[in-house]
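# Fold and contact review
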Amino acid sequence: MSARPTPEAPETGRARARPAGLLARLDESDLFYSFRRSPIVVAAAAISFLMILAAVFAPLVAPQDPFDMAQLDLLDSLLPPVWVEGGMWKYPLGTDDQGRDIFSTILYGARISILVGFASVAFAMVLGIVLGLVAGYAGGWVDSLLMRIADIQLSFPAILIALLIDGVARGIMGNVGHERIAFGVLILAIGLSFWVQYARTVRGSVLVEKGKEYVQAAQVIGLPPVLILFRHILPNVMGPVLVIATIQLALAVITEATLSFLGVGVPPTSPSLGTLIRIGNDYLFSGEWWITIFPGAALVILVLSVNLLGDWLRDALNPKLR
Amino acid sequence: MIWFVIKRLLQSVVVMAVVALIAFSMFRYLGDPVNQMVGVETSIEQREALRERLGLNEPVAVQFWLFLQRAAQFEFGISYQHRKAVSTLIAERLPATLELSAVSALMALLVGIPMGVYTALRREGFLARAFMTLSLIGVSLPTFLIGILLILFFGVMLQWLPTFGRGATVDIGGWSTGFLTADGLKALILPAITLAIFQMTLIVRLIRAEMLEVLRTDYIKFCKARGLKTRAIHFKHALKNTLVPVITIVGLQLGSVIAFAIITESVFQWPGMGLLFIQAVTEVDIPVMAAYLMLIAFVFVVINLVVDLLYYAVDPRLRVQAGAKG
């Protein structure tokens, strides 16, 4: 891309953001109105926000570092939650077989789940947007090739594709080498199985936008296609993309948890919520239900609130439903 | 019509060829097949002889052709992990997965369709809202967690139902079925519910959306104007047209049921193909992975093909479009 300054390009998007009026404008917007009107959505937003915050700052929030051996006391292992007989206030949700505080492991686990979720959605989004823009703008054989691949991939479930990519990576790296790059492989696997939705949506919107006057004007003044695509068309197709991203964040977190539960996700040295559930599953029959159920509950609450947000965003941005 | 079928068939062949190429590359380039088959004390000459016998010294294109021929007969060699022919392994596991998938799909349809229709007809009702909330929770509950909760409740706390394995099975001409023993049926309940819930949530939401769409159309208004009974309008006219897209989606879902069976089988230690596959992934058992991939791809391609052709047969509008183009 050329570094030539383009005065015609609408830089106004950033210039227009008056800090003083921003809050007022947000307050007046339709989106915020529909947000305020639904207590469930507000609660979902608050819960997602709190959980993400608590997970990000896990080392500060958690009462114990579950991976610091010095802080663990084997005498405190397999303690039930505080409201069950034998529970201690020191470990509100009980402890696992190594004396780890379940509450702390959940915070650390959620951190990894959310990290992988965001990273894979970001990866899928960038890949999907770029391919969708190219397919929609270029048309012709590029378009049909990309969309055929998308069709085919869409007929296979994401989890199967992710499993396969993981299996191939294990084949190439060996099980030991795989552990070192497990995070990368996982993000790649989930991202590659999710790009299609973005690509299809973006392509559809590009086909509509392509015929509009502002694009023709940009073409006439000789802007390079890359600039037209990313500066002019992309901002106009971002609405649906954001909706997909929100819903897919929930899906990505579920997929990560599932893969980790199956034992092919994150390495056991940095357990996510899925890994915690897998570990706890072994204790289900001996009556230590809290090792599984609390990480599971955390996962469901996180996914449910993100799903609720996604549902609301979809309806709020859909002009047909206004 | 004939052109549509031919085009669709060609597309399926291309997909299978691509999948076969992936499976073949896995075989050929992930690890050395010879190393996997021989012991430590095998001499270099013996290894070379084996290499020659397996055709690994041929040009890659020839090898791919040989691979295709063997794949067509479902010959994928010996499993690295189980030391058994892959085709035998899969044949042993196939009945378990198919029985589980079929029962769960049936359950999902029998419960999901009435629930979906009800939520569409009584949109504002309390029960309808409860169903929709439940379905949202269902979407947010990962399959493996549903399984764990069911195990905890019915297996550990109430101790009513077995929580792992298939129970006693009866062998009928190489097909081991769990349908004929009380033990086998009991073992089937929890895994089938687990697998059904995931499909059910989708079916409920789909039926509701489609039904609402149909109820808004003109011909339903005309039905009302003609004074037909509400019951007749809903179940004779609206439901019929709702079911067309639903059949398609449910048909396509059948494929994902097999994929989600991997998770269910893993939770309940159900001895099906999914459990075999997940073990193959963790142990890098390439022949099993390749065979499973080819089999699943085949199932998917066939389902997609059948659904497309059925759709074409059921929906006259598509025929008109194709006729106008050709």
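For every chain, the first residue of its written sequence is number 1, and the numbers climb from 1 along that sequence. Here the convention is simple: chains get letters from A, ligands get numbers from 1, in the order in which they are written. Only residues with pLDDT of 70 or above have their local features reported here, since the model is predicted, and side-chain atom pairs are shown and tallied only from 80 upward, although totals for entire chains, interfaces and linings are computed over all residues.

## Considering the overall build of chain A
Summing up its helical and strand segments, chain A has 13 helices and 0 strands in all. Each residue is classified by how many other C-beta atoms fall within 10 Å of its C-beta atom, where C-beta atoms are placed from the backbone; a count of 20 or more means buried, 12 or fewer means exposed, and values in between mean partly exposed. Residue burial in chain A is summarised as follows: out of 322 residues, 42% are buried. A run of DSSP states H or I qualifies as a helix once it reaches four residues; a run of E qualifies as a strand once it reaches two. Both are numbered from the N-terminal end.

## What about the overall build of chain B?
Scanning chain B from N- to C-terminus turns up 13 helices and 2 strands. In terms of its C-alpha atoms, chain B occupies a principal-axis envelope of roughly 85 × 65 × 35 Å. Burial analysis of chain B (326 residues in total) assigns 36% to the buried set.

## Side note on the interface of chain B and chain A
C-beta atoms are placed from the backbone for every residue, and two residues are taken to be in contact when these atoms lie within 7 Å. Chain B puts 31 residues into the contact, and the matching count from chain A is 35 residues. Looking at side-chain class alone, the side of chain B that touches chain A contains 25 nonpolar, 6 polar and no charged residues. Under the scheme applied, nonpolar residues are Ala, Val, Leu, Ile, Met, Phe, Trp, Tyr, Cys and Pro; charged residues are Asp, Glu, Lys and Arg; polar residues are all the others, including Gly.

## Description of the environment of Ala297 of chain B
All names here are of chain B. Residue position: Ala297 is located in helix α12 (residues 286–314). Given 22 C-beta atoms within a 10 Å radius, Ala297 is considered buried. Distance from Ala297 to Ala20, taken between C-alpha atoms, is 9.1 Å for residues 277 residues apart in sequence. Setting aside anything within four residues of it in sequence, one finds Ala297 in contact with Met16 and Val19.

## Here we look at the packing of helix α12 (residues 273–281) of chain A against helix α13 (residues 290–317) of chain A
Residue and element names in this part refer to chain A. The angle between two axes is taken between their N-to-C directions and runs from 0 to 180 degrees, where each axis is a line fitted to C-alpha atoms and a helix contributes only its stretch in contact. The N-to-C vectors of α12 and α13 enclose an angle of 155°; their axes lie 7 Å apart at closest approach. When the interaxial angle is binned, α12 and α13 end up roughly antiparallel. Taken as a pair, α12 and α13 cross one another with a handedness that is left-handed. Residues Leu273, Leu276, Ile277, Ile279, Gly280 and Asn281 of α12 form the contact with α13, whose own contacting residues are Ile291, Thr292, Pro295, Gly296, Ala298 and Leu299. Angle categories are assigned with fixed cut-offs, so that under 35 degrees is roughly parallel, over 145 is roughly antiparallel, 65 to 115 is roughly perpendicular, and the rest are oblique. In a left-handed crossing the near helix is turned counterclockwise from the far helix by less than a right angle, and in a right-handed crossing that turn is clockwise.

## What to know about the nonpolar core
A set of buried Ala, Val, Leu, Ile, Met, Phe, Trp, Tyr and Cys residues, joined to one another through C-beta atoms within 7 Å, is what we call a nonpolar core. By size, the foremost hydrophobic cluster in this structure holds 163 residues, and its most contacted members are Phe277, Met289, Ala290 and Leu293 of chain B. When near neighbours in sequence (up to four residues on either side) are disregarded, Ala290 of chain B contacts Ala23, Met26, Phe27 and Phe76 of chain B.

## Here we look at α12 of chain A
Within α12 of chain A, 7 of the 9 residues are buried, which leaves it mostly tucked inside the rest of the structure. Every buried residue of α12 of chain A is accounted for by Leu273, Gly274, Thr275, Leu276, Ile277, Arg278 and Gly280 of chain A.

## Notes on the packing of helix α10 (residues 230–268) of chain B against helix α11 (residues 273–283) of chain B
Residue and element names in this part refer to chain B. Contact pair α10 / α11: the axes reach a minimum separation of 7 Å and the direction vectors enclose 85°. Judged by the angle between their axes, α10 and α11 are roughly perpendicular. For the pair α10 and α11, the contacting residues are Ala261, Ile262, Glu265 and Ser266 in the first and Gly274, Leu275, Phe277 and Ile278 in the second. For the contact of α10 with α11, a count of residues per class yields 5 nonpolar, 2 polar and 1 charged.

## Section: the environment of Leu275 of chain B
Here Leu275 of chain B is to be found in helix α11. The sequence separation of Leu275 of chain B and Ala261 of chain B amounts to 14 residues, and the corresponding C-alpha distance is 8.5 Å.

## Looking at unusual backbone geometry
Backbone geometry at Gln269 of chain B places phi at a positive 50°, although glycine is not the residue there. Along the chain, the position of Gln269 of chain B falls in the loop between α10 and α11.

## Re the environment of Leu317 of chain A
Its location among the elements puts Leu317 of chain A in helix α13. Apart from residues no more than four positions distant in its own chain, Leu317 of chain A is found in contact with Gly239 and Val243 of chain A.

## Side note on the confidence of the model for chain B
Note: pLDDT gives the predictor's confidence per residue, expressed from 0 to 100. In this model, chain B carries an average pLDDT of 80, and 91% of its residues clear a pLDDT of 70 or more. At the low end of the mean pLDDT range in chain B sits helix α13 (residues 316–325) of chain B, at 58; at the high end sits helix α5 (residues 86–121) of chain B, at 86.

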